[in-house]
Amino acid sequence: MRLLLYFAIFGMVIAQGFWAYTENYETQKALNDAQKLQSQIAEARARLGVLNAEWAYLNRPERLHELVDMNFDRLQLLPLRPEQFGTVGEVPVKDPQSSDLPPALELSELEGSE
Amino acid sequence: MIRKPLRPLALVLEARSQGRNPAEIERENVRARHEQARDRSRLRAESRLLVLILAFLSLFVLVGVRMGTLSMSEPMEPQSAYTGPSIVAQRGNILDRKGRILATNLDTYSLYATPQDMVDPLMAAEGLAEIFPDLDQQDLTRWFTGERKFLWVKKKLSPEQKQAVHDLGEPGLKFGPREVRLYPNGRLAAHVLGGASFGREDVAAAEVVGVAGVEKTFDAFLRDPTYAGEALELTLDLTIQSAVEHVLRGGMTLMNAKGAAGILMDVNTGEIVSLVSLPDFDPNDRPAPPTQGNPADSPLFNRAVQGVYELGSTFKIFAAAQALELGLVQPDTMIDIRGPLKWGKYRITDFHNYGNELSVHDIIKKSSNIGSARLALEIGAERQRDFLTQLGFTEQTSVEMVEASGGRPKFPAKWEDISTITISYGHGISATPMHLAAAYATLTNGGYKVTPTLVKQDYIERGPRVISPETSRQVREMLRDVVREGTATFGDVQGYAVGGKTGTADKPIPTGGGYYEDRVIATFASVFPSHDPKYVLVVTLDEPELATEVEPKRTAGWTAVPVSAEIITRIAPLLGLRPEIEPAR
């Protein structure tokens, strides 16, 4: 009986030792992963910073002015003027009675043409 | 366990036969048994003590060893804790009010040389001179072949330059990582941002330090790792700033002015939406401060917050507003303006003869010096000084730029009656355009004191009341009529009900002794829309001169006013202001 108890305790010690080692290794692996991720985040952040800076640089008003001037033939962009404000009332409303669309095709006509 | 009897029969019988007392046997046995029990319990106690000693010993050893390893080990950052987006060892960005980048950081490299490691110093010098045209090959050769063991070649390299230097294959040329401040918008808002340069430098790193503008004012905040790269948000709007700068630059060229300043301020909060000073500079390559000549002519000089000028007739509205507020006059009260007004040895005259008397309203509209002087004399020196103090004209503005402390207004130490007279039309007192913008905002927003600010805040508390809402309304009506039919008719922008006051002040001769005949500071301080004020715009041109057929025009009505009108036309739609039909009074 006592021997059985001893064996059980010994076995438990072995099992716990095994468990402790596994946990230890898993923790270390998780830490390594976290560190790797953090360096990746830092890299991504640096890249983001550069991209943001580049975006700001490419969108600087001076360059946009130049682009507008260069593409004036095609785009004809001009500064916004007060006259360009409109009201909803100025938008022409289409009269549903007088439709400019061609009349709907009759299915029977389509079939007949074939 | 076999229990030994205390009175074994054999021994008892033997003792009886020998005539001894058998009880002795029992006593002897009891004694032996006691002795045995005592020995056993001592052994047990001793072994327990031993175990206890061992246990404590091992505990103490454990604690001791742990303390030893802790004290000897290198400190290490916690790896498991989530650090979040916080750990950024970078200077914070500066953003505009809509989150667009005004200043950020870029990783780059610096180039340094250790001549003793060089394989071929002559080739290195030749190669570097080819890559960097601004370096002299002979200087480089001399340095590389001389005694020096270490020298900086370039503080900042572009990636292309770095590759080119790398391709030289010279082991004595080395790179150090650098973080540089980048202003992607170039010259835009250069005076506000200021600039940055390197502080303490090392091969491995260098600190970036703000040298002017908000970069210097908020240097501690931008560098502080506890704020962890948090961005500084300004009230500037990049689009508006660009439009104002564009129009002002065009106007400055057209009017042949040598400098210009423009301030656009929210009339209620004092938030500065645009602040322009021309000529300007590129903060990415900030020029060195001038060592000779007038520092006010340097592009580094911020005319809007550092330039202290006599702002001329723009001050007349202060006399009128105060007289109205004190109840001395009504807008239609007639004032005697027969000139010239003689005071001691001084003679005050008007630009034109406006007749014998004008109403207060028309004094502002026609800009009569004599009329303003009469109003000021009724107010008196002390009350005038108090009122201008309330409007902020006796100390520097509190704009969050280091340069603002240089914009200390100049006013007479002894505020006599003659000072009262000249100050009423903006002479004898000098202030910055920023002072003027804040004062105009205070007068037109319904009478609350406005403190100009550059930093975006969630909530800006309303300042104390300076004038009544009724006086503020009367002031706005007068300013509106100046534009409608007075001295600033070129300033009318349809749909935006611009109101404002012109000011043309002769420039004082710096060596002393009076004023220039042909050099002026032309200012137009305006508010729009005047029936429901949203923004204050102050435009100042330094020495404008519009060549016409008859004679050169220098007054603000011909120079600063049309430029302001063009600025308002451009920016009002961008600010989201829809043109409105002015309500009838």
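Overview of the structure.

Conventions adopted
Residues numbered from 1 in each chain as written. Chains lettered and ligands numbered in written order. Predicted model: local features only at pLDDT ≥ 70, side-chain atom pairs only at ≥ 80, totals over all residues. Heavy atoms only, no water. Phe/Tyr/Trp six-rings, centres within 6.5 Å; stacked < 30°, edge-to-face > 60°. Helix = DSSP H or I, 4+ residues; strand = E, 2+ residues; numbered from the N terminus. Buried < 20%, exposed > 50% of the residue type's maximum accessible area, 1.4 Å probe, protein only. Lys NZ or Arg CZ within 6 Å of the ring centre and 35° of its normal. Contact = heavy atoms within 4.5 Å. Buried area = accessible area lost by both parts, 1.4 Å probe. Salt bridge = Lys/Arg side-chain N within 4 Å of Asp/Glu carboxyl O. Polar contact = N/O pair within 3.5 Å; in protein donor to acceptor, adjacent residues only side chain to side chain. Core = buried A, V, L, I, M, F, W, Y, C linked by side-chain atoms within 4.5 Å. Pairing = 2+ DSSP bridges. Axes fitted to C-alpha atoms, helices over the stretch in contact; angles between N-to-C directions. Parallel < 35°, antiparallel > 145°, perpendicular 65-115°, else oblique. Left-handed = near helix turned anticlockwise from the far one by under 90°. Nonpolar A, V, L, I, M, F, W, Y, C, P; charged D, E, K, R; others polar. Expected span 1.5 Å × (residues − 1).

Comments concerning the packing of aromatic side chains
All names here are of chain B.
- Taken as a whole and judged by the stated rule, the model has 11 aromatic pairs over all chains.
- Aromatic side chains F318 and F393 sit 5.2 Å apart centroid to centroid with 55° between the ring planes, which places their arrangement in the tilted category. Here F318, found in helix α10 (residues 316–325), pairs with F393, found in the loop between α13 (381–390) and α14 (417–424); they are 75 residues apart in sequence, far enough to count as distant.
- We classify F318 as buried; its relative accessible area is 2%.
- By relative accessible area, F393 is classed as buried at 0%.
- Here a set of aromatic residues connected by ring pairs shows up, and it is made of F315, F318, F393 and Y440.
- Its guanidinium or amino end placed over the ring of Y448, R462 lies 3.8 Å from that ring's centre, counting from NZ or CZ.
- Above the plane of the ring of Y448 lies R465, whose end atom (NZ or CZ) is 4.4 Å from the centre.

Quick notes on the interface of chain A and chain B
- Of the residues lining the interface, 21 residues belong to chain A; the matching set on chain B comes to 28 residues.
- Here chain A and chain B share an interface that buries about 2000 Å² over both sides, 62% of which is from carbon and sulfur atoms.
- Between chain A and chain B we count 1 salt bridge in total.
- Note that E566 of chain B and R81 of chain A form a salt bridge whose closest N and O atoms lie 3.9 Å from each other.
- At the boundary of chain A and chain B, one finds 1 residue pair in polar contact (both at pLDDT 80 or more).
- Listed by contribution, the elements that provide at least two residues to the side of chain A that touches chain B are α1 (2–58) and α2 (61–70) of chain A.

Considerations on the environment of E582 of chain B
Residues and elements named next belong to chain B.
- Tracing the backbone shows E582 in the segment after α17 (560–574).
- Of the residues examined, E582 reaches a relative accessible area of 25% and is grouped as partly exposed.
- Along the backbone, E582 and Y496 are 86 residues apart, and their C-alpha atoms lie at a distance of 7.9 Å.
- What E582 contacts, discounting residues up to four positions off in sequence, is R480, R484, A497 and H531.
- A polar contact is formed between the side chain of E582 and the side chain of R480, at a distance of 3.0 Å.

Re the nonpolar core
- Core analysis: the largest hydrophobic core is formed by 121 residues, its most contacted members being V214, F318, F393 and F528 of chain B.
- Each residue touching F318 of chain B, except ones within four places of it in the same chain, is listed here: F387, L388, L391, F393, L436, A439, Y440 and L443 of chain B.

Description of the pairing of strand β16 (residues 499–508) of chain B
All names here are of chain B.
- Most of β16 sits inside the fold, with 7 of its 10 residues counted as buried.
- Note that β16 and strand β17 (residues 515–528) share 9 bridges and pair antiparallel. Counterpart to G503 in the pairing with β17 is T523.
- From the end of β16 to the start of β17, which pair antiparallel, there are 6 residues, and G512 there has a positive phi angle of about 95°.

Thoughts on the packing of α10 of chain B against helix α12 (residues 369–379) of chain B
Residue and element names in this part refer to chain B.
- Here α10 crosses α12 at 45°, and the two axes come no closer than 9 Å. It follows that α10 is oblique to α12 by the angle criterion. Considering only the axes of α10 and α12, their crossing is left-handed. Every residue of α12 that contacts α10 at K316, A319, A320, Q322 and A323 is listed here: N369, S372, L375 and I379.
- For the contact of α10 with α12, the class distribution of residues is 5 nonpolar, 3 polar and 1 charged.

A look at the pairing of strand β6 (residues 206–212) of chain B
- Across the 7 residues that make up β6 of chain B, a large majority, 5, are buried.
- Taking the residues that link successive antiparallel strands as the turn, the strand β5 (residues 195–201) of chain B-β6 of chain B hairpin has 4 residues.

Quick notes on the sheet that holds β17 of chain B
All names here are of chain B.
- Sheet architecture is open: 5 strands sit in the order β9-β8-β18-β17-β16, paired in antiparallel fashion. The open sheet terminates on both sides in strands that have one partner only, identified here as β9 (272–278) and β16. Mean inter-strand twist for the sheet, computed between neighbouring axes without regard to direction, equals 10°.

Quick word on the packing of helix α3 (residues 121–131) of chain B against helix α5 (residues 159–168) of chain B
All names here are of chain B.
- At a minimum axis distance of 10 Å, the contact between α3 and α5 shows a crossing angle of 160°. By the angle between their directions, the pair α3 and α5 is classed as roughly antiparallel. Pair α3 / α5 crosses with right-handed handedness. In contact with A124, G127, L128 and I131 of α3, α5 contributes Q161, A164, V165 and L168.

Overview of helix α15 (residues 433–444) of chain B
- Along its 12 residues, α15 of chain B runs 16 Å from first to last C-alpha, staying within 8% of the 16 Å computed at 1.5 Å per residue.
- With respect to burial, α15 of chain B is a largely interior element, 12 of its 12 residues being buried.

With respect to unusual backbone geometry
- Omega for the bond connecting L278 of chain B with P279 of chain B falls within 30 degrees of zero, at -5°, which places this linkage in the cis form.
- Residue P529 of chain B is bonded to the preceding F528 of chain B through a cis peptide linkage, with omega at -20°.
- With respect to the element layout, P529 of chain B can be found in the loop between β17 and β18 (535–542).
- Phi is positive for Q76 of chain A, which is not a glycine, with a value near 50°.
- Here Q76 of chain A shows up in the loop between α3 (72–75) and α4 (107–113).

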